[in-house]
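# Fold and geometry: a report
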Amino acid sequence: MNTKILSALAEPSRLRIVELLRDGSLTVGEIADQLDIRQPQASKHLRVLYEAGIVEFYAETNRRIYKLRSEPFKELNSWLDQYRELWEEQFDNLDRYLQELQKKKRNKHK
């Protein structure tokens, strides 16, 4: 797992930028306006996201337009799959335990 991805997403403003870009491409100015921050702050966060491989950009006249890349999220999803299996196992154990408790409770009331 690329820890740069997790590190970049751990900062709340960068996570909010990713959530904004989920709906489509935006310029730095649009991101700054929507997050109510200054453009240099938005640019700094976008640089970190770019260096982590989370976003890419293309130039249109004198503006940079940012969009999300799918690859880092696929990588993150694959990494999380390992933990989903662990949680599913824990939920299965909990389900078995609850079923045993219900069975004991029914047997007590007979």
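In what follows, the structure referred to is the one given above.
In short, a report on the structure. Every chain begins its residue count from 1, and numbering advances along the sequence as written. With pLDDT at 70 or above as the cut-off, local features in this predicted model cover only qualifying residues; side-chain atom pairs require 80 or more to be listed or tallied, and sums for whole chains, interfaces and linings still use all residues. Side-chain metrics in this entry use all non-hydrogen atoms of the structure; hydrogen atoms and water are not considered.

### Describing helix α3 (residues 28-35)
Owing to its 3.6 residues per turn, the α-helix aligns residues three or four sequence positions apart on the same side. Exposure classes here rest on a 1.4 Å probe applied to the protein chains alone. A residue is buried below 20% of its type maximum, exposed above 50%, and partly exposed in between. Per the convention used, a helix needs a DSSP run of H or I reaching at least four residues, while a strand needs a run of E reaching at least two, with both numbered from the N terminus. For α3, every residue scored as buried is listed here: Val28, Gly29, Ile31, Ala32 and Leu35. Take α3 and look down its axis: the buried residues cluster within an arc of 160°, on one side only. Looking at the residues trailing α3, positive phi occurs at aspartate 36, about 55°. Here, the arc refers to the directions that run from the helix axis to the C-beta atoms.

### Considering unusual backbone geometry
Positioned with a positive phi, aspartate 36 is a non-glycine residue whose angle comes to about 55°. Residue position: aspartate 36 is located in the loop between α3 and α4 (39-51). Accessibility expressed as a relative area gives 71% for aspartate 36, which makes it exposed. Here threonine 61, not a glycine, exhibits a phi torsion of approximately 50°, which is positive. Secondary-structure assignment places threonine 61 in the loop between β2 (55-60) and β3 (63-68).

### Here we look at the packing of helix α2 (residues 12-21) against α4
It is at 10 Å that the axes of α2 and α4 come closest, and there the two elements cross at 80°. The orientation of α2 relative to α4 falls into the category roughly perpendicular. Between α2 and α4, the contacting residues are Ser13, Arg14, Ile17 and Val18 on the first element and Ala42, His45, Leu46, Val48 and Leu49 on the second. Residue polarity follows a fixed list, in which Ala, Val, Leu, Ile, Met, Phe, Trp, Tyr, Cys and Pro are nonpolar, Asp, Glu, Lys and Arg are charged, and the others, Gly among them, are polar. Per-class residue counts for the contact of α2 with α4 are six nonpolar, two polar and one charged. Fitted lines through C-alpha atoms serve as axes, helices being fitted only where they are in contact, and the angles separating the N-to-C directions of these axes extend from 0 to 180 degrees. Angles below 35 degrees are treated as roughly parallel, those above 145 as roughly antiparallel, those between 65 and 115 as roughly perpendicular, and all remaining angles as oblique. In this analysis, two residues are considered to be in contact whenever any of their non-hydrogen atoms come within 4.5 Å of each other.

### Brief notes about the pattern of salt bridges
By definition here, a salt bridge exists when the distance from a side-chain nitrogen of Lys or Arg to a carboxyl oxygen of Asp or Glu is within 4 Å. Per the counting criterion, the structure on display carries four salt bridges. For the salt bridge of lysine 67 with glutamate 56, the shortest nitrogen-to-oxygen distance reads 3.5 Å. Residue lysine 67 is located in strand β3, and its partner glutamate 56 is located in strand β2; the two are separated by 11 residues in the primary sequence. Here glutamate 56 falls in the partly exposed class, since its relative accessible area comes to 30%. Between glutamate 71 and arginine 69 there is a salt bridge, and its shortest N-O distance comes to 3.3 Å. In this structure glutamate 71 comes out as partly exposed when scored by relative accessible area, which is 44%.

### Re a nonpolar patch on the surface
By definition, no residue in a patch forms a salt bridge, and every one has over 30% relative accessible area; like charges are joined within 9 Å, nonpolar side chains (Val, Leu, Ile, Met, Phe, Trp, Tyr) within 5 Å. Surface accessibility follows the Shrake-Rupley procedure with a 1.4 Å probe radius. Residue values consider only the protein chains on display as shielding. A cluster of nonpolar side chains, namely Leu80, Tyr83, Leu86, Trp87, Phe91, Leu94, Tyr97, Leu98 and Leu101, defines an oily patch on the protein surface of about 890 Å² accessible area. By relative accessible area, which is 39% here, tyrosine 83 ends up partly exposed.

### A word on the packing of aromatic side chains
Here a pair means two rings of Phe, Tyr or Trp (six-membered ring of Trp) with centres within 6.5 Å. Their orientation is stacked below 30 degrees between planes, edge-to-face above 60, and tilted elsewhere. Scanning the model with the defined rule gives three aromatic pairs in all. Residues tyrosine 50 and phenylalanine 57 carry aromatic rings whose centres are separated by 5.3 Å and whose planes lie at 55° to one another, so their mutual orientation is tilted. Classification of tyrosine 50 as partly exposed rests on a relative accessible area of 42%. With a relative accessible area of 29%, phenylalanine 57 lands in the partly exposed category. Members of the aromatic cluster, joined through ring pairs, are Tyr50, Phe57 and Tyr66.

Shape descriptors only; they carry no functional weight alone.
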